[in-house]
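Letter by letter, the chains look like this.
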Amino acid sequence: MKIIFDFDDVIFDSHAFKQKIFSGLVSFGIPSDIIKDLYISHRSSFSPFTLYKDAVEKSGLRISEKSLKSAVTALVENVDSYVDKRIVDLINKIGKENCFVVTAGDKDFQKLKVEASLNGVIIPEHCFFVEYKKSEALQKICEQYPHEPVIFVDDKSRYMDEANSLHIKNLHPVLYRHDGFEQLSQKIKELS
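Here the structure is a predicted model, which means the values were calculated and not measured. (Residues numbered from 1 in each chain as written. Predicted model: local features only at pLDDT ≥ 70, side-chain atom pairs only at ≥ 80, totals over all residues. Heavy atoms only, no water.)

Trainee: Would you take a moment to explain the side chain of Asn170 for this structure?
Mentor: Mapped onto the elements of the fold, Asn170 is located in the loop between helix H8 (157-165) and strand E5 (171-175). On the basis of relative accessibility, which here comes to 11%, the residue Asn170 falls in the buried class. Engagement of the side chain of Asn170 in a polar contact is seen with the backbone oxygen of Cys142, the distance being 3.5 Å. The residues touching Asn170, leaving out its near neighbours within four places in the chain, are Cys142, Tyr145, Pro146, Glu148, Pro149 and Val150. (Helix = DSSP H or I, 4+ residues; strand = E, 2+ residues; numbered from the N terminus. Buried < 20%, exposed > 50% of the residue type's maximum accessible area, 1.4 Å probe, protein only. Polar contact = N/O pair within 3.5 Å; in protein donor to acceptor, adjacent residues only side chain to side chain. Contact = heavy atoms within 4.5 Å.)

This is the structure we're talking about:
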């Protein structure tokens, strides 16, 4: 059995992490209405590097590039505290050689978060960073293990639809919502 995890809001509490990102902007004195407007425009490909730079420019504040870089670098300190420990325990139980991460968004930022929070938990070659669509990575993994069930865990319906549209026999999508861990555990028992 193989398991493909989405990163944000499955393994990683991105909602809580975004609060940390926004509090960093507030500490610079950037008004919350500017932060909210910028977040909406940056939502599809979220990167704090770009968000911080745009927020400083839009607010008219004079903050050095060095200070901005330091603030963004500080964001990933202790980032592993946003990881769901139940998922880490599950990865350790199943074996990291059987687990993958497929995550969409700003490649550099996603890679930074995954490496900082899952160092040693996931095999780096088992991480796929995509901009929007996950189908190519899903197909590649399923084709590599055609005789094993492959569970794909994601919190977004559009990725469930994308996975289902592939019509891959060994792919089993699990929508990860408020009871996602329980549903995932049930699917693992069912396919074991």
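Trainee: Explain the packing of aromatic side chains to me, please; I cannot follow it from the model alone.
Mentor: In this description, an aromatic ring pair is defined by two values, namely the gap between the centres and the angle between the planes. In the structure shown here, the tally under the stated rule is 6 aromatic pairs. Geometrically, the ring pair formed by Phe7 and Phe12 is stacked, given 4.9 Å between the ring centres and 20° between the ring planes. When the centroid spacing of 5.3 Å and the interplanar angle of 70° are considered together, the rings of Phe12 and Phe17 count as edge-to-face. The pair Phe12 / Phe17 is uniform in exposure class, with both members buried. Of the aromatic side chains, those joined through ring pairs into one cluster are Phe7, Phe12, Phe17, Tyr82 and Phe109. We note Lys2 situated over the ring of Tyr145; from NZ or CZ to the ring centre the distance is 4.4 Å. Over the aromatic face of Tyr159 sits the side chain of Lys134, whose NZ or CZ is 4.1 Å from the ring centroid. (Phe/Tyr/Trp six-rings, centres within 6.5 Å; stacked < 30°, edge-to-face > 60°. Lys NZ or Arg CZ within 6 Å of the ring centre and 35° of its normal.)

Trainee: What's the story with the packing of helix H2 (residues 32-42) against helix H3 (residues 48-59) in this structure? I'm lost.
Mentor: Each pair of packed helices can be summarised by the angle the axes make with each other and by the distance between the axes. Contact pair H2 / H3: the axes reach a minimum separation of 10 Å and the direction vectors enclose 135°. In terms of their interaxial angle, H2 and H3 are classed as oblique. Read as a crossing pair, H2 and H3 show a hand that is right-handed. Within the contact between the two elements, H2 uses Ile34, Asp37, Leu38, Tyr39 and His42 and H3 uses Thr50, Leu51, Asp54, Ala55, Lys58 and Ser59. Grouping the constituent residues of the contact of H2 with H3 by class yields 5 nonpolar, 3 polar and 3 charged. (Axes fitted to C-alpha atoms, helices over the stretch in contact; angles between N-to-C directions. Parallel < 35°, antiparallel > 145°, perpendicular 65-115°, else oblique. Left-handed = near helix turned anticlockwise from the far one by under 90°. Nonpolar A, V, L, I, M, F, W, Y, C, P; charged D, E, K, R; others polar.)

Trainee: I'm lost on H3 in this one. Help?
Mentor: In this model, H3 (12 residues) spans 16 Å end to end at C-alpha, consistent with the 16 Å of a helix rising 1.5 Å per residue. When we look at burial in H3, the residues that qualify are Pro48, Leu51, Tyr52, Ala55 and Val56. The buried residues of H3 occupy one face: seen down the axis, they fall within an arc of 125°. Immediately downstream of H3, the backbone of Gly60 shows phi near 80°, a positive value. (Expected span 1.5 Å × (residues − 1). Arc of directions from axis to C-beta.)

Trainee: Explanation requested: the nonpolar core in the structure shown.
Mentor: Where a protein is soluble and globular, its nonpolar side chains tend to be buried together. Judged by nonpolar contacts, the single largest core of 49 residues is most densely connected at Phe5, Ile11, Ile21 and Leu118. A per-element tally of this core places helix H5 (residues 85-94) first, with 5 residues. Those residues in contact with Ile21 that lie beyond four places of it in its chain are Phe46, Pro48, Leu51, Tyr52, Leu75 and Phe109. In this structure, Phe100, Val102, Leu138 and Leu166 belong to the second largest nonpolar core, which totals 18 residues. (Core = buried A, V, L, I, M, F, W, Y, C linked by side-chain atoms within 4.5 Å.)

Trainee: Would you take a moment to explain the side chain of Thr103 for this structure?
Mentor: One can find Thr103 in strand E2 (residues 99-104). For Thr103, a relative accessible area of 0% gives the class buried. With residues up to four places along the chain from it excluded, the contact list for Thr103 reads Asp6, Phe7, Asp8, Gln110, Phe128, Phe129, Val130 and Lys134.

Trainee: I tried to follow the sheet that holds strand E3 (residues 127-130) on my own but got confused; where do I start?
Mentor: The strands that make up a sheet pair up through hydrogen bonds in the backbone, lying either parallel or antiparallel. Pairing is parallel in the open sheet, where 5 strands are placed in the order E3-E2-E1-E4-E5. Bordering the open sheet on either side are E3 and E5, each of which pairs with just one other strand. Put simply, the sheet's adjacent strands are angled 20° from each other on average, direction ignored. The pairing of E2 with E3 spans 4 bridges and is parallel. The residue bridging Ala104 from the neighbouring strand is Val130, located in E3. Against the sheet, H5 contacts strand E1 (2-5) and E2, and its axis sits at roughly 155° relative to E1. The strands touched by H8 within the sheet are E2, strand E4 (150-154) and E5, with E5 carrying the most contacts at an inclination of about 165°. (Pairing = 2+ DSSP bridges.)

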